[in-house]
Amino acid sequence: SFPAVQGLQTLLFVILLLVYTLTITGNIVIISLIWTDNRLQTPMYFFLSNLSFLDTLFTTTITPKLLACLLEEEKTISFAGCISQTYFYFFLGTVEFILLVVMSFDRYVAICNPLRYTIVMNSRACLLLVLGCWVGAFLSVLCPTIVVSRLPYCTAEISHFFCDIAPLLQAACIDTHFIEMISFLLSSLILLTSLVLTTVSYIYIISTILRIPSAQGRQKAFSTCASHITVVSIAYGSNIFVYVRPNQNHSLEFDKIATVLITIVTPLLNPFIYSLRNKKVKEVLRESVSRIVLPHSKGT
């Protein structure tokens, strides 16, 4: 019934708005802590602040429009808006995977070559690596998006809550098998290459950690990687499941659940995983909170 549907949409709106607010707040807190505290002015935290900035942009590509659609009678998006959403979704997603490789390389140098760490991961190298992530992703996603924007479409409706590649191809009037194959090859190249590079880094990292004689030393070395491994597992697991397969048209309903995980849940979890599993971030956060709370408590 219509009132029941409206009630469900209102509930979804409230939940999504709460999640979105938490995501933005969590990521802004991480960025603020890293940029204002000298103890966090290291390559690892510089990359982490980039990841938080990226997650903020990534979830903003999808969530505000989705929230507007839940309130409106007409669930519409302009064609230009749809293609822009597709572009930024894949562009920012690609930046994230290249950045996760860079972060695993940073941990590899820190643990496997600690004496050369400050030489290899100097500020210029870090800046160039991050710039490489953004430029590489920008160029790799540009051509496929232009191709998709030039397709003739038979229907003005797509079966999804945002402009993903599979529902767009499904709405096209022509046989999109060749484009699906190109999309599959590009997704495979980006996701699987970055996964292999990240895995190789961690094989070296884990073998180095296991050779550390003291249990305390092993635990300290592993704790710096634990949060990154968690984020990598969630990101690769959900994305490979949705995008690394030749036929993009099947099981769109199941894809919707997986893309909720990619677009809404992962950007929310990342700041909490990093802040809760990282001793230094927790310490800086605790001090920042006490600096805000204590003057108020003294004044009362």
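These figures come from a predicted structure and were not determined experimentally.

1. Details of the side chain of S49
Within the fold, S49 resides in helix α2 (residues 43-71). Classification of S49 as buried rests on a relative accessible area of 3%. Setting aside anything within four residues of it in sequence, one finds S49 in contact with I31, I34 and W35.

2. Overview of the packing of aromatic side chains
Under the defined criterion, the tally for this structure stands at 13 aromatic pairs. Between W35 and F46, the ring centres sit 6.3 Å apart and the planes meet at 75 degrees, which makes this aromatic pair edge-to-face. Note that W35 is positioned in helix α1 (residues 2-36) and F46 in helix α2, a separation of 11 residues in sequence. Ring centres 5.7 Å apart and planes at 15 degrees place the aromatic pair Y87 and F91 in the stacked group. You can see Y87 and its partner F91 sitting in helix α3 (residues 79-112), four residues apart, about one turn around the helix. With relative accessibility at 9%, the residue Y87 sits in the buried group.

3. A short note on the nonpolar core
F47, L48, L51, L99, L100 and M103 are the most contacted members of the largest nonpolar core, which totals 56 residues. If one sorts the elements of this core by residue count, α3 sits on top with 16 residues.

4. A word on the packing of α3 against helix α7 (residues 177-210)
It is the contact of α3 with α7, at a shortest axis distance of 9 Å, that shows an interaxial angle of 15 degrees. Put simply, α3 runs roughly parallel to α7. Here the hand of the crossing between α3 and α7 comes out left-handed. Across the interface between the two elements, T94, F97, L100, V101, S104, F105, R107, Y108, I111 and C112 of α3 pack against I190, L191, S194, L197, T198, S201, Y202, Y204, I205, T208 and I209 of α7. Of the residues contributing to the contact of α3 with α7, the split by class is 14 nonpolar, six polar and one charged.

5. Let's talk about the UniProt feature "transmembrane region" (unreviewed entry) in the protein
Mapped onto this numbering, the UniProt entry gives "transmembrane region" (unreviewed entry) at residues 12-35, 47-67, 87-105, 126-147, 184-205, 225-245 and 257-276. The annotated region residues 87-105 carries 100% helix and 0% strand content, and the separation between its end C-alpha atoms amounts to 27 Å. Secondary structure across residues 184-205 comprises 100% helix and 0% strand; the distance between its end C-alpha atoms is 31 Å.

6. Digging into the packing of α3 against helix α5 (residues 123-149)
Contact geometry for α3 and α5: axes closest at 8 Å, N-to-C directions at 145 degrees. Considering only the axes of α3 and α5, their crossing is right-handed. In this structure, α3 contributes F79, I83, Y87, F90, F91, L92, T94, V95, I98, L99 and V102 to the contact, and α5 contributes L129, V130, C133, W134, A137, F138, S140, V141, L142, T145, V148 and S149. Classifying every residue of the contact of α3 with α5 gives 19 nonpolar, four polar and no charged.

Here is what the cut-offs are and how they apply
Position numbers for residues count from 1 along each chain, tracking the sequence in the order it is written. A pLDDT threshold of at least 70 governs which residues receive local features in this predicted model, and a stricter bar of 80 or more applies before side-chain atom pairs are shown or counted, although totals over entire chains, interfaces and linings include all residues. Excluding hydrogens and water, the side-chain figures rest on all heavy atoms present in the structure. Helix and strand definitions follow DSSP, with helices as H or I runs of at least four residues and strands as E runs of at least two, each counted in order from the N terminus. A 1.4 Å probe rolled over the protein chains alone gives each residue an accessible area, and that area as a share of the maximum for its type sets the label: buried under 20%, exposed over 50%, partly exposed in between. Any two residues whose heavy atoms approach within 4.5 Å at even a single point are treated as in contact. Ring pairs are drawn from Phe, Tyr and Trp, using the six-membered ring of Trp, whenever the two centres fall within 6.5 Å, and their geometry is named by plane angle: stacked under 30 degrees, edge-to-face over 60, tilted for the rest. Grouping buried Ala, Val, Leu, Ile, Met, Phe, Trp, Tyr and Cys residues that are joined through side-chain atoms within 4.5 Å yields what is termed a nonpolar core. Whenever a helix is involved, its axis is fitted only over the stretch in contact; in every case the axis is a line through C-alpha atoms, and angles between N-to-C directions fall within 0 to 180 degrees. Here the word oblique covers every angle except those under 35 degrees (roughly parallel), over 145 (roughly antiparallel) and from 65 to 115 (roughly perpendicular). Here a crossing is called left-handed whenever its near helix is offset anticlockwise from the far helix by less than a right angle, and right-handed whenever the offset is clockwise. Only Asp, Glu, Lys and Arg are considered charged in this grouping, and only Ala, Val, Leu, Ile, Met, Phe, Trp, Tyr, Cys and Pro are considered nonpolar; every other residue, Gly among them, is considered polar. UniProt positions are given in the numbering used here, feature names are shortened, and annotations may be inferred rather than shown by experiment.

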